[in-house]
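A closer look at the structure
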Amino acid sequence: MKQLSVIDNLFLLMEQRQQPLHVGALCLYQPPADAPPDFALRLADHLRESTEAARPFNRRLVSRAGFKFWEEDGQFDIAHHFVHLALPKPGRIRELLAMVSRVHSAHLDRAYPLWRTYLIEGLEDGRIATYSKIHHSLVDGVAGIRLMLKSMSPDVAESLTMPAPWEVRTRKSRERTLPVPAGALRGFAALRALGQEGATVVPPVLRQLRRAWQDLRDHNPDFVGSLQAPHCILNEPITGSRRFAAQSYSMPRIKAIARKFDATANDVILALCGGALRQYLGDMNALPEKPLVAAVPVSTRRDDSDSGNEIAFALTHLATHLDSPIERLQAIKRCMDYNKAFMRQLSPAQLLAYEAVMLAPGALNLLTGFDRRRTLLNLVISHVPGPRQEMYWQGARLDGVYPVSLVIDKMALNITLISRHDKVDFGIIACRKTLPSVQRLLEHIEEALDELETACA
């Protein structure tokens, strides 16, 4: 058995009826030109023969003396985890996204390993799709993409010999811990462990806290604290209903803009999201005067492990108070440059401790609702690196990887994207009731991209 880390445990403790905390991915595939009409059916039969699961897909949640552990499931049942579905006619992308929205809203059964995969056929253009979801306590976004890619190959013939995604062998993750004694330690051993951890973690964290406090007092526009996000419609209570929207955009277009402004592709993507949110909220007369604040997950993974959560969060404003797309991009770039310089000075353990202190005031305000004018943050925007070349799965070419993330109460929107060699695949998930017609954000992202290209010209 393996005890859960602090972060992994948190994803289980936070889960509620209207707040399932699994993440997923919708993948589109183009079958080979000579594929038979029953290609999907044969593929489903082939996958059902994969009745063994590797870590973390064979891990079941158990509790011992108040602590949670992962243990291997000795009665693994592939019928519970793999499902073959067909879209209702006419089989448009609209019907596919509606199906994913419904399936993603349902909780995973904790009596089984916390994942499920759907093979979906019936698309009018002949493509097939998979939708897979796995609990965030098992993997983060980077680990999830690594696991998925390990069942694919850049070679068509080799892809036919690859194992099912749940049979892929993974590397173990090194746990990141806060500078406090573990639950298994007692007495002087606990105090000694605390002293050893504190000697390496506490001093640099205190230095960075002093610097952050100075930047806050000096009103540094590039520093974002945990109580600077304005409360808006994105921060209303959520229901259990979800709306998923997805779209691909050209990576060469985004990189061309980045080169023009000496920025990164991620800076440009954040600017696109800022411009889209400004338009979306403006259309509803719900745009706050102060800029929206996004949490941008940053991987602290320093090895090739494929399980557990090893992430930190950079808070950045999205310059939604600025009308000029160029000024918006430049402001976001300065804020992200500040975050990167700051985070490079801390180790993963130090960064985790620093964020625990820095985010505490905003988290407390989020829980108590003491100040309704402000909130911890407005949304999460996550960028996960994907494959840098064309990939194939069981002979079919990968045409898109659209992440399906999670939303939590009073943060009703999540934008996650995966960058591939030639595309950026956006996945937008939101509470269906809190944020109506959230699919319009996709149109506004395209408009923001056009605006920046025009500004470059």
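First, a word on scope: everything that follows refers to the structure included in this document.

**Points about the sheet that holds strand 6 (residues 115-121)**
What the 6 strands build is an open sheet, ordered 5-6-7-2-15-14; its pairing is mixed. Pairing within the sheet leaves two strands with one partner each, and these edge strands are strand 5 (82-86) and strand 14 (392-393). Against the sheet, helix 2 (residues 39-48) makes contact with strand 5, strand 6, strand 7 (128-135), strand 14 and strand 15 (396-404), and its axis sits at roughly 170° relative to strand 5, the strand it touches most.

**Notes on the nonpolar core**
The nonpolar side chains of a soluble globular protein tend to be buried, and buried together. Residues Leu-26, Phe-244, Ile-254, Leu-379, Ile-381, Leu-413 and Phe-426 are the most contacted members of the largest nonpolar core, which totals 70 residues. In terms of residues, this core owes the most to one element, helix 9 (residues 265-283), which gives 11 residues. The contacts of Leu-379, once residues within four sequence positions are left out, are Leu-234, Leu-277, Val-293, Ala-294, Ala-295, Leu-318, Leu-413 and Ile-415. The next biggest cluster of nonpolar side chains, apart from the first, holds 55 residues, and it includes Tyr-29, Ala-40, Leu-61 and Val-384.

**A word on the sheet that holds strand 3 (residues 59-64)**
The pairing of strands in a sheet happens through backbone hydrogen bonds and is either parallel or antiparallel. Spatially, 1-4-3 is the arrangement adopted by the 3 strands of the open sheet, whose pairing is antiparallel. The open sheet has two edge strands with one neighbour each: strand 1 (2-3) and strand 3. Across 2 bridges, strand 1 lies against strand 4 (residues 67-72) in antiparallel orientation. Considered in strand 4, the bridge of Lys-2 is made with Trp-70.

**As for unusual backbone geometry**
Apart from glycine, the bulk of residues carry a negative phi angle, and the bulk of peptide bonds sit in the trans form. Residue Pro-56 is reached from Arg-55 by a cis peptide bond, and omega for that bond is 5°. Counting through the fold element by element, Pro-56 comes out in the loop between helix 2 and strand 3. Here the phi dihedral of Lys-410 falls at roughly 70°; this positive angle occurs in a residue that is not glycine. As for its placement among the helices and strands, Lys-410 is situated in the loop between strand 15 and strand 16 (413-419). A positive phi angle is found at Ser-437, which is not glycine, with a value near 50°. Mapped onto the secondary structure, Ser-437 falls in the loop between strand 17 (423-431) and helix 13 (440-456).

**As for the pattern of salt bridges**
Summed over the entire model, instances satisfying the criterion amount to 15 salt bridges. Notably, a salt bridge pairs Glu-95 with Arg-92, separated by 2.7 Å at the nearest N-O pair. According to the relative accessible area criterion, Glu-95 is buried, its value standing at 14%. Taking relative accessible area as the criterion, Arg-92 reaches 31% and is therefore assigned partly exposed. The partner of Asp-399 in a salt bridge is Arg-397, with the nearest N and O atoms 2.9 Å apart. On the accessibility criterion, Asp-399 (19% relative accessible area) is buried.

**With respect to the pairing of strand 17**
Most of strand 17 is tucked away, with 8 of its 9 residues classed as buried. Pairing between strand 9 (residues 242-250) and strand 17: 9 bridges, direction antiparallel. Opposite Arg-243, over in strand 17, you have Ala-430 as the bridge partner. As paired strands, strand 16 and strand 17 are joined by 7 bridges and run antiparallel to one another. Within the sheet, the bridge partner assigned to Leu-417 lies in strand 17 and is Phe-426. Linking strand 16 back to strand 17 in an antiparallel pair, the connection comprises 3 residues.

**Focus on helix 8 (residues 251-260)**
Inspection of helix 8 places Met-251, Ile-254, Ile-257 and Ala-258 among the buried residues, and these make up the whole buried set. Seen from one end, helix 8 has its buried residues packed into an arc of 125°, which puts them on one side. Exposed residues pointing more than 90 degrees away from the buried face of helix 8 are listed as Arg-259 and Lys-260. Looking at the buried positions of helix 8, the neighbouring elements they touch are strand 9, helix 9, helix 10 (325-343), strand 16, strand 17 and helix 13. Asp-262, located one to two residues past helix 8, shows a positive phi value of around 55°.

**A look at the side chain of Ser-248**
Structurally, Ser-248 can be placed in strand 9. A distance of 2.7 Å separates polar atoms of two side chains, one belonging to Ser-248 and the other to Tyr-402. A polar contact is formed between the side chain of Ser-248 and the side chain of Asp-425, at a distance of 2.6 Å.

Cut-off values and rules
- Residues numbered from 1 in each chain as written.
- Predicted model: local features only at pLDDT ≥ 70, side-chain atom pairs only at ≥ 80, totals over all residues.
- Heavy atoms only, no water.
- Pairing = 2+ DSSP bridges.
- Helix = DSSP H or I, 4+ residues; strand = E, 2+ residues; numbered from the N terminus.
- Contact = heavy atoms within 4.5 Å.
- Axes fitted to C-alpha atoms, helices over the stretch in contact; angles between N-to-C directions.
- Core = buried A, V, L, I, M, F, W, Y, C linked by side-chain atoms within 4.5 Å.
- Buried < 20%, exposed > 50% of the residue type's maximum accessible area, 1.4 Å probe, protein only.
- Salt bridge = Lys/Arg side-chain N within 4 Å of Asp/Glu carboxyl O.
- Arc of directions from axis to C-beta.
- Polar contact = N/O pair within 3.5 Å; in protein donor to acceptor, adjacent residues only side chain to side chain.

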